[in-house]
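Summary of structural features
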Amino acid sequence: SQQGEEDPQALSIQEGENATMNCSYKTSINNLQWYRQNSGRGLVHLILIRSNEREKHSGRLRVTLDTSKKSSSLLITASRAADTASYFCATAAGGQNFVFGPGTRLSVLP
Amino acid sequence: EAGVAQSPRYKIIEKRQSVAFWCNPISGHATLYWYQQILGQGPKLLIQFQNNGVVDDSQLPKDRFSAERLKGVDSTLKIQPAKLEDSAVYLCASGRLSGPNYGYTFGSGTRLTVV
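Since we're looking at a predicted model, the values are computed, not measured. (Residues numbered from 1 in each chain as written. Chains lettered and ligands numbered in written order. Predicted model: local features only at pLDDT ≥ 70, side-chain atom pairs only at ≥ 80, totals over all residues. Heavy atoms only, no water.)

1. Points about the overall build of chain B
Keep this limit in mind: Strands are runs of DSSP state E lasting at least two residues, helices are runs of H or I lasting at least four, and both sets are numbered from the N terminus onward. Computation of the radius of gyration draws on C-alpha atoms, with the globule rule given as 2.2 Å multiplied by the number of residues to the power 0.38. When a residue's accessible area, from a 1.4 Å probe over protein chains only, is under 20% of the maximum for its type it is buried; when over 50% it is exposed; and in between it is partly exposed. Note on contacts: a residue pair qualifies if any of its non-hydrogen atoms lie within 4.5 Å across the two residues. All accessible areas in this document rest on Shrake-Rupley with a 1.4 Å probe, and a residue is counted as covered only by the protein chains that are shown.
The secondary structure content of chain B amounts to zero helices and 11 strands. For chain B, the N- to C-terminal ordering of α and β elements is β-β-β-β-β-β-β-β-β-β-β. Here the C-alpha atoms of chain B give a radius of gyration of 13 Å, agreeing with the 13 Å that 2.2 N^0.38 yields for 115 residues. Taken over the C-alpha atoms alone, chain B extends approximately 35 × 25 × 25 Å along its principal axes. Considering chain B as a whole, with its 115 residues, one finds that 44% of them fall into the buried category. Summarising the internal contacts of chain B: among those between residues at least 6 apart in sequence, 54% fall at separations of at least 24. Accessible surface, chain B: about 5600 Å² in total, of which carbon and sulfur atoms supply 49%.

2. Regarding the state of the cysteines
All names here are of chain A. Let me state the cut-off plainly: The rule for a disulfide is simple: a pair of cysteine sulfur atoms within 2.5 Å.
By the definition in use, this model includes two disulfides over all chains. Across a sulfur-sulfur distance of 2.0 Å, Cys23 and Cys89 are joined as a disulfide pair. Its torsion about the S-S bond being 60°, the disulfide of Cys23 and Cys89 is classed as right-handed. Here the residue Cys23 occupies a position in strand S3 (residues 19–24), and Cys89 occupies one in strand S9 (residues 85–92), the gap between them amounting to 66 residues. On the basis of relative accessible area, Cys23 is assigned to the buried category, the value being 1%. With relative accessibility at 0%, the residue Cys89 sits in the buried group.

3. Quick look at the sheet that holds S3(A)
Residue and element names in this part refer to chain A. What counts, and what does not: Pairing between strands is defined by DSSP: at least two bridges between them are needed. Only the stretch in contact is used when fitting a helix axis, every axis being a line fitted to C-alpha atoms; angles between N-to-C directions are given from 0 to 180 degrees.
Reading across the sheet, the five strands line up as S1-S3-S8-S7-S6 and stay open at both edges, with antiparallel pairing between neighbours. On the outer flanks of this sheet lie strand S1 (5–7) and strand S6 (55–58), each paired with one strand and no other. On average, each strand axis in the sheet is inclined to that of its neighbour by 20°, with strand direction left out of account. As defined by bridge partners, S6 adjoins strand S7 (residues 61–66) across four bridges and the pair is classed as antiparallel. From the neighbouring strand, His57 faces S7, where its bridge partner is Arg62.

4. A word on the packing of aromatic side chains
Put simply, the rule reads: A pair of Phe, Tyr and Trp rings is counted when the ring centres sit within 6.5 Å of each other, with Trp represented by its six-membered ring. The angle between the planes then sorts it: under 30 degrees is stacked, over 60 is edge-to-face, the rest tilted.
Throughout the structure, instances matching the rule amount to 11 aromatic pairs over all chains. Arranged with centres 5.0 Å apart and planes meeting at 25°, the rings of B:Phe21 and B:Tyr90 form a pair that is stacked. Linking B:Phe21 in strand S3 (residues 19–24) with B:Tyr90 in strand S9 (residues 88–95), this pair joins segments that are 69 residues apart in sequence. Each member of the pair B:Phe21 and B:Tyr90 is classed as buried. Ring pairs connect the aromatic residues A:Tyr35, A:Phe98, A:Phe100, B:Tyr33, B:Tyr35, B:Tyr104 and B:Phe106, which therefore count as one cluster.

5. Considering the pattern of salt bridges
Here is the rule: A side-chain nitrogen of Lys or Arg and a carboxyl oxygen of Asp or Glu constitute a salt bridge if their distance falls within 4 Å.
Evaluated as defined, the whole model comprises four salt bridges over all chains. In this structure, A:Glu55 and A:Arg62 form a salt bridge, with 3.2 Å as the shortest nitrogen-oxygen distance. Residue class for A:Glu55 comes out partly exposed when judged on its relative accessible area of 39%. Take A:Arg62: its relative accessible area is 32%, and that puts it in the partly exposed class. A salt bridge links B:Lys62 to B:Asp57, with the shortest nitrogen-to-oxygen separation between them at 3.8 Å.

6. A word on unusual backbone geometry
Cis rather than trans, the peptide bond between A:Asp7 and A:Pro8 has omega equal to 0°. Geometrically, the link from B:Ser7 to B:Pro8 is a cis peptide bond, its omega value of -5° lying close to zero. The phi dihedral of A:Ala78 is positive, around 45°, even though this residue is not glycine. Relative to the helices and strands, A:Ala78 is located in the loop between strand S8 (71–76) and S9.

7. As for the nonpolar core
Stated formally: Side-chain atoms within 4.5 Å link the members of a nonpolar core, which is a set of buried Ala, Val, Leu, Ile, Met, Phe, Trp, Tyr and Cys residues.
A:Met21, A:Leu32, A:Trp34, A:Leu74, A:Ile76, A:Tyr87 and A:Leu106 are the most contacted members of the largest nonpolar core, which has 22 residues in total. Counting only elements with at least two residues in this core, the list comes to strand S2 (10–14), S3, strand S4 (31–37), strand S5 (43–50), S7, S8, S9 and strand S11 (104–109) of chain A. Discounting residues that sit within four places of it in the chain, A:Leu74 has contacts with A:Ala19, A:Thr20, A:Met21, A:Trp34, A:Leu46, A:Leu61, A:Arg62, A:Val63 and A:Tyr87. Counting residues in each nonpolar core, the second largest holds 21 residues, with B:Ile13, B:Phe49, B:Leu77 and B:Tyr90 among its members.

This is the structure in structure tokens:
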């Protein structure tokens, strides 16, 4: 299956700490996206990383992609209570649409 | 720019009843998607439109679900008759361009409860 799977399923950290979430997938992909979903809301696009890229940054977010290991990681530095949300990776292969994983639920405690 | 608008925000119906959801994408976005998100899971694509044509409906349960996007702008998703397992959040997303190289903008969703 192309579907990515996030790890861990749930993560709880203190405000100011860094949070790292991982996404593993099984087939070769063209690119991978990370989304955030606050409780009861829609998904917000964070970063898209293409298969020929190894790392991308956006503010406090850092995404890496290791195609040899078929994995990606999302790092949130200096976390804030407002970062509390579910984070999803979505993978795309060939001309197919993105397939979302089950998500990581992040709780940032004040 | 205005976001993706969805209505209603919440809906509770009895099984075997019918229900319809509405989505108005961001102006100028040619691609529109409907996703089903069951509690605790990631979104699952139901149908993708490019303008007013269907690009991918391979995961749409066509015996009970239907969707249309007349005039290539807003869209409706209908369930008839509803089953208990249809309880989920139905998300609409739109994109300026089609394909997996671009991010989507999601609406806030419609939470459906079938009792």
